[in-house]
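Secondary and tertiary structure notes
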Amino acid sequence: MKITRIETFTYWINWCNWLFVKISTDEGLYGWGEGSLHGAIRSVESAIHELGDTLIGQDPAGVERHWQAMYHAWRWRGGPTLFTALGALDIALWDLEGKRLGVPVYRLLGGPFRPRLRAYASHWLAGVETPDQAFAGAQEAMRRGFTAFKWGPFNRQRLRENEAREIASAVDLMAAAREGAGPDAEIFIECGELLSPRSAVLAANALLPYRPGWFEEPIPFENAKAMVALQREMPVPIATGERLLSRWEFRELVEGGGCKIIQPDVMHGAGITEMRKIANMADTYHIPVAPH
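Residue numbers restart at each chain and count upward from 1, following the sequence in its written direction. Restriction of local features to residues with pLDDT of at least 70 applies here, the model being predicted, together with a cutoff of 80 or more for giving and counting side-chain atom pairs; totals for whole chains, interfaces and linings are based on all residues. Note that the side-chain values use all heavy atoms of the structure and ignore hydrogens as well as water.

**Regarding empty space enclosed by the protein**
- Using a 1 Å grid laid over the protein atoms alone, points where a 1.4 Å probe fits but cannot get out form a cavity; open sets with protein on both sides within 12 Å along at least 5 of 7 lines form a pocket; any residue with an atom within 4 Å of a point counts as lining. Grid points are joined across faces, edges and corners, and a volume is the space filled by probe spheres set on the points. All told, the structure shown has one cavity of 30 Å³ or more when counted by the stated rule.
- Roughly 70 Å³ of internal volume is contained in the largest cavity.
- Helix numbers and strand numbers start at the N terminus; a helix is a DSSP run of H or I with at least 4 residues, a strand a run of E with at least 2. Where the lining of the largest cavity is concerned, the elements lending two or more residues are helix H2 (63-71) and helix H3 (80-101).
- Amino acid classes used here: Ala, Val, Leu, Ile, Met, Phe, Trp, Tyr, Cys and Pro are nonpolar; Asp, Glu, Lys and Arg are charged; the rest, including Gly, are polar. Of the residues in the lining of the largest cavity, the class split is eight nonpolar, one polar and one charged.

Okay, structure coming up:
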């Protein structure tokens, strides 16, 4: 079996650009991967075809071998464009390998560890402005069968205008959301990198009585040492990692104890092959993984 063709398909869907890749073979089997990226989707598409040139004419078996070949194809390794392109092709190769062997990909990864996975409603309570709305929205999440949801209580402009007032408003909304969701539900806080180390600690202490499950991306992600220092001060867990691209970028964060949950993105984190290595490293430090 030989790889004969690599195709890309792009779609513009409001705030998110979708990019899918299809790897086809001379025996009719094919695999699908995804390389969606906010913004620079055309760059990712070009990189997919440039990296994909290393795959044409190759036997698709042995995904790790192909990952290494693509990773080292260019001297300049890394970056969101290259790693997203590499991730899309890697995912497609895993899909193709599963089809070739007639098993689902999870079997190739060692088989099922759990029969079920817990899910949370993401970006919940969007547009909520009053405690009554927060209460009703939290109740609705529970009614739909979720046992957890994530929401973003902070507004960039309002934080700039009056930080203390915005944090106080978030407390009022969080109190209502906790009442609506009940004591057993998990409520996760999406911070969207809007806070500083100082304001993150203030906000976490203010929301602490309502048991936030985590503060996600409380500060910009680039400085791992700053995140490590912040987690030492934070009374709630930090979740981060959606924009970190490889095990090398996670290493300093994980070794320093900069978060309690990591959130690698299988597309931007160079695919399933690299995601396994990131997860294995986190497991060494007893840090759970909540994929982005």
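**Topic: the packing of helix H7 (residues 163-181) against helix H8 (residues 197-207)**
- Packing of H7 against H8 brings their axes to within 9 Å, and their N-to-C directions diverge by 30°. As judged from the angle between their axes, H7 and H8 are roughly parallel. Regarding H7 and H8, the two cross each other, and that crossing is right-handed. Note on element contacts: H8 touches H7 through Arg-198, Ser-199, Leu-202, Ala-203, Ala-206 and Leu-207, opposite Glu-163, Ile-167, Ala-170, Val-171 and Met-174.
- Residue composition of the contact of H7 with H8, by class: eight nonpolar, one polar and two charged. Lines are fitted to the C-alpha atoms to define the axes, a helix being fitted only along its stretch in contact, and any angle between axes, read from their N-to-C directions, falls within 0 to 180 degrees. Angle categories are assigned with fixed cut-offs, so that under 35 degrees is roughly parallel, over 145 is roughly antiparallel, 65 to 115 is roughly perpendicular, and the rest are oblique. Each crossing gets its handedness from the near helix: less than a right angle anticlockwise from the far helix is left-handed, clockwise is right-handed. Residue contacts are counted whenever heavy atoms from the two residues lie within 4.5 Å of one another.

**Structural notes on the packing of aromatic side chains**
- Aromatic rings from Phe, Tyr and Trp, taking only the six-membered ring of Trp, are treated as a pair when their centres fall within 6.5 Å; an angle between ring planes under 30 degrees marks them as stacked, one over 60 as edge-to-face, and anything in between as tilted. A full pass over the atoms with the stated rule returns ten aromatic pairs.
- Centroid distance Phe-9 to Trp-32: 5.5 Å. Interplanar angle 45°. Geometry classified as tilted. Of this pair, Phe-9 sits in strand E1 (residues 3-13) while Trp-32 sits in strand E3 (residues 30-34), and the two are 23 residues apart along the sequence.
- An angle of 20° between the planes, with centres 5.6 Å apart, marks the rings of Tyr-71 and Trp-248 as stacked. Residue Tyr-71 is found in helix H2, and its partner Trp-248 is found in helix H10 (residues 247-256); the two are separated by 177 residues along the sequence.
- When its relative accessible area of 14% is taken as the criterion, Tyr-71 is described as buried.
- The structure contains a cluster of three or more aromatic residues connected by ring pairs, namely Trp-67, Tyr-71, Phe-83 and Trp-248.
- Only when the NZ of Lys or the CZ of Arg is both within 6 Å of the ring centre and within 35 degrees of the ring normal is a charge said to sit over the ring. Taking the ring centre of Tyr-30 as reference, the NZ or CZ of Lys-22 above it sits at 4.5 Å.
- One Lys or Arg, Lys-277, reaches over the ring of Trp-67 and ends 5.4 Å from the middle of that ring. Three exposure classes are used, based on accessible area relative to the maximum for each residue type with a 1.4 Å probe and protein chains only: buried under 20%, partly exposed in between, and exposed over 50%.

Read these as spatial facts, not as claims about activity.
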